[in-house]
Amino acid sequence: MLPPNTAFRGSGLIARFVYCFPVSNIGSRRYDTQPVPELVAEKYQQLIFDLLTNKFCSYDGEEMYLRFDDRAYKEFVDYYNGHIEPRLLTDMAFCKNWGGKYHGLILRLCGIIHCVKRL
């Protein structure tokens, strides 16, 4: 058995990945599925390119930063205190490092969704 990699864990790198554990489809998959339509693949590629190359600016050209207003900040604090932190002792107990970064992940994903809607 390999020793744990404390360098990655200590830096928070491992905790920043988005993990997914879907129910397995093995035994019920089909080999002859349809490919992703070319137009869908092209639009997705363009969306990713746009997100990576565009700066989101106000009408006068000044780069914009997303910030909480007072109401949004209070709602997020309440969500963290009431839903995220308590779960670090229950269903997130097996991944405390990841769970501790979960709130930042939520904010980054919300920021990306906001930017997608602005394109």
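Residues numbered from 1 in each chain as written. Predicted model: local features only at pLDDT ≥ 70, side-chain atom pairs only at ≥ 80, totals over all residues. Heavy atoms only, no water.

Caption draft 1: Seen up close, the overall build of the protein chain. Helix and strand counts for the protein chain come out as 4 helices and 0 strands. N-terminal to C-terminal, the α/β element order of the protein chain is α-α-α-α. Considered along the principal axes of its C-alpha atoms, the protein chain spans approximately 55 × 50 × 30 Å. By the burial criterion, 13% of the 119 residues in the protein chain qualify as buried. Restricting the contact set of the protein chain to residue pairs at least 6 apart, pairs at least 24 apart contribute 55%. Entry remark: accessible area of the protein chain is about 10800 Å², with carbon and sulfur atoms responsible for 61%. Here the protein chain contributes 15 positive and 13 negative side-chain charges, whose respective centroids are spaced 8 Å apart. (Helix = DSSP H or I, 4+ residues; strand = E, 2+ residues; numbered from the N terminus. Buried < 20%, exposed > 50% of the residue type's maximum accessible area, 1.4 Å probe, protein only. Contact = heavy atoms within 4.5 Å. Areas by Shrake-Rupley, 256 points an atom, 1.4 Å probe, with all protein chains shown as cover. Lys, Arg positive; Asp, Glu negative; His and termini not counted. Charge placed at Lys NZ, Arg CZ, Asp CG, Glu CD.)

Caption draft 2: Fine view of the nonpolar core. Core analysis: the largest hydrophobic core is formed by 9 residues, namely F76, I84, L88, M92, C95, W98, Y102, L105 and I106. For this core, the elements supplying multiple residues, two or more each, are helix 3 (70-87) and helix 4 (96-118). Per-element accounting of this core gives the leading share, 4 residues, to helix 4. In this view, F76 contacts F68, H103, I106 and L107; residues no more than four positions away in its chain are not counted. (Core = buried A, V, L, I, M, F, W, Y, C linked by side-chain atoms within 4.5 Å.)

None of this, on its own, says anything about what the molecule does.
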